[in-house]
Amino acid sequence: MIDVATLSVIRRWALREQLSIREIARRTGLSRNTIKKYLRAEAAEPRYAKRVSPSKLDPYAEKLAAWLKSEASRSRKQRRTLKQMHADLVALGYAGSYNRVAAFARAWQARRHEIQQTTGRGTFVPLAFAPGEAFQFDWSEDWAVIAGERTKLQVAHFKLSYSRAFLVRAYPLQTHEMLFDAHNRAFEVFGGVPGRGIYDNMKTAVDKVRRGKERDVNARFSAMVSHYLFSAEFCNPASGWEKGQVEKNVRDARHRLWQPAPAFATLEQLNAWLEDRCKTLWGQIAHGKLPGTIAEAWAHERPLLMQVSRPFDGFVEHTKRVSPTCLVHFERNRYSVPASYANRPVSLRVYADRLVVAAEGQLLCEHTRIIDRRHDTAGQTVYDWRHYLAVLQRKPGALRNGAPFSELPEGFRRLQAALLKQPGGDREMVEILALVLHHDEQAVLTAVELALEAGVASKTHVLNVLHRLLDNKPTAPAPVTAPQALRLVNEPQANVLRYDALRGRASAAGASILQEVRHAS
């Protein structure tokens, strides 16, 4: 086999020294046809046919190619990774390495691009960001097991463009209040706010996409941006590469966090696990562009983020009219409101996890938000029995079967069962419940429990015990310990004869006075 040095000598003899092919063949020992071939090719170095060696993957090449073709037709969320395909091949008997499978996939993808004439597509300009300059945001859909039920979740992804620190947080819906809550939590975890945020044209931020970079931005989203003092930038339509870091994070998180689907009792527990898992991964994943891990780059970037004093009050406000049964309706569920606002308009402030009812410049009540996307149920009703006390004072009979009062504390329920056996027990129980409007509820409940322990289930006794509790007086007098100077040495004995003697002397004195009065008259 000819080498580069021999080829160089042949070319010099033939082209510079003008030796004949026969003479060159005699000197080198090569055939004249070989010498002619290299001189005609005008090659500066020899080229050899590509070596084809057998591989352990050869028996599975057709199956792997079929898998790659099948996966290419699926959506990104449903595709298997090469590691999963390698595991499936191992289950079929493949004994080779993952690297060989990855090399086969790269070659297959290159041939596919050539066939589709798409080799020019997917070429981008690399982006660079300064510390604290920007973050990127995106939504994705993933699945988790919540309270034993497989649940589809809307997942918010944040990524700092310089340090590549990321946060993943799950929500039931992709709504404004969920978006605001995700920003509050992300900036708290990152330790500050970068100078700008990069988004796609999501409906929770952009009302209308206009020409170029012009956007009609949602008013509430603009309020959040103004609160945190960063500038919001929106990608061109179908240009996800403009926020490619978070797009990649969506894909990576799907394999790091959501496969297999995590299982937790509540969504709050899932989000706590996601936050801890993200922070752990910061210390395990190399940055790629900078020396060290993501955690080390974040430690350098954090002092350059703008500190925030308080989170954004991220609610969405709706005007509702309270029903005659003191309920407001939202998302097929019903929530109670104080009875004094029945048949009146109120403001319903919707947060990611709670609902707040306000009217006339004051907050009336708050409820934990119920989110149920099923449409085969009639929804739920959330009562607060305190909201109906004003109605009870006019209609005490409603206490017996009133739906809001089925959730009374155990002490009140026991007292009610005792009082309803007595005449006028309804009215007396209503007056006891009304005490929570003027006194601490726990103090009233304690007084009720002490009255039940004493076996005196009455309003008078409950009031007596309550007043003692509020005045910090004990329910029973404490024993008196007299000081040493006041102790008796000889305790007096009870003697009723002394009383009789006193009565005798008093009677005699009275008789003499009466006699003197008679003589005087």
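Every value quoted in this text rests on a predicted model; they were computed, and no experiment measured them.

*Asks:* What is the right way to look at the packing of helix α2 (residues 21–28) against helix α3 (residues 32–41) in this model?
*Replies:* Packed helix pairs are specified by the crossing angle of their axes together with the interaxial distance, meaning the distance between the axes. Contact geometry for α2 and α3: axes closest at 9 Å, N-to-C directions at 115°. Taken together, the axes of α2 and α3 lie roughly perpendicular to each other. The way α2 lies across α3 gives a crossing that is right-handed. The residues of α3 that touch α2, namely those facing Ile-21, Arg-22, Ile-24, Ala-25 and Thr-28, are Arg-32, Ile-35, Lys-36 and Leu-39. Class assignment of the residues belonging to the contact of α2 with α3 gives a composition of five nonpolar, one polar and three charged.

*Asks:* Hey, could you run me through the sheet that holds strand β10 (residues 327–330) in this one?
*Replies:* Each strand in a sheet pairs with another by means of backbone hydrogen bonds, the pair being arranged parallel or else antiparallel. With mixed pairing, three strands are arranged side by side in an open sheet as β10-β11-β15. The open sheet has two edge strands, β10 and β15 (381–382), and neither has a second partner. As judged from the two bridges shared by strand β11 (residues 333–336) and β15, these two strands associate in the parallel manner. Looking at the pairing, Tyr-335 lines up with Val-382 of β15.

*Asks:* How should I be thinking about helix α9 (residues 244–256) in this particular structure?
*Replies:* Since there are 3.6 residues in each turn of an α-helix, residues three or four apart along the chain are aligned in direction. Here α9 is 13 residues long and its end C-alpha atoms lie 18 Å apart, about the 18 Å a rise of 1.5 Å per residue gives. Those residues of α9 that are buried lie in contact with β1 (134–146), β2 (149–160) and β3 (166–171).

*Asks:* Which parts of the structure should I look at to understand the layout of surface pockets?
*Replies:* There is about 960 Å³ of room inside the second largest pocket. Residue lining of the second largest pocket: 29 residues in total, with Ile-146, Thr-151, Pro-172, Leu-267 and Ile-371 positioned closest to the centre. Taken together, the elements giving at least two residues each to the lining of the second largest pocket come down to β1, β2, β3, α7 (176–190) and α10 (267–282). Among the elements that line the lining of the second largest pocket, the one with the most residues is β2, at five residues. Among the residues forming the lining of the second largest pocket, the class breakdown is 13 nonpolar, five polar and 11 charged.

*Asks:* Just to check I follow, could you spell out the nonpolar core for this structure?
*Replies:* One recurring pattern in soluble globular proteins is that nonpolar side chains are buried together. Counting residues in each nonpolar core, the largest one holds 51 residues, and the members touching the most others are Phe-190 and Trp-258. Broken down by secondary-structure element, the contributors of at least two residues to this core are β1, β2, β3, α7, α8 (219–228), α10 and α11 (294–301). Among the elements that line this core, the one with the most residues is α7, at eight residues. Every residue in contact with Phe-190, bar those within four places of it in the chain, is listed here: Phe-158, Leu-160, Ala-165, Phe-166, Leu-167, Trp-282, Trp-298, Arg-302 and Leu-305. Residues Ala-339, Leu-415, Val-430 and Leu-433 belong to the second largest nonpolar core, which totals 31 residues.

Each value, and the rule that gives it
Residues numbered from 1 in each chain as written. Predicted model: local features only at pLDDT ≥ 70, side-chain atom pairs only at ≥ 80, totals over all residues. Heavy atoms only, no water. Axes fitted to C-alpha atoms, helices over the stretch in contact; angles between N-to-C directions. Helix = DSSP H or I, 4+ residues; strand = E, 2+ residues; numbered from the N terminus. Parallel < 35°, antiparallel > 145°, perpendicular 65-115°, else oblique. Left-handed = near helix turned anticlockwise from the far one by under 90°. Contact = heavy atoms within 4.5 Å. Nonpolar A, V, L, I, M, F, W, Y, C, P; charged D, E, K, R; others polar. Pairing = 2+ DSSP bridges. Expected span 1.5 Å × (residues − 1). 1 Å grid on protein atoms, 1.4 Å probe; cavity = no way out; pocket = protein on both sides within 12 Å on 5 of 7 lines; lining within 4 Å. Points joined across faces, edges and corners; volume = space filled by probe spheres on them. Core = buried A, V, L, I, M, F, W, Y, C linked by side-chain atoms within 4.5 Å. Buried < 20%, exposed > 50% of the residue type's maximum accessible area, 1.4 Å probe, protein only.

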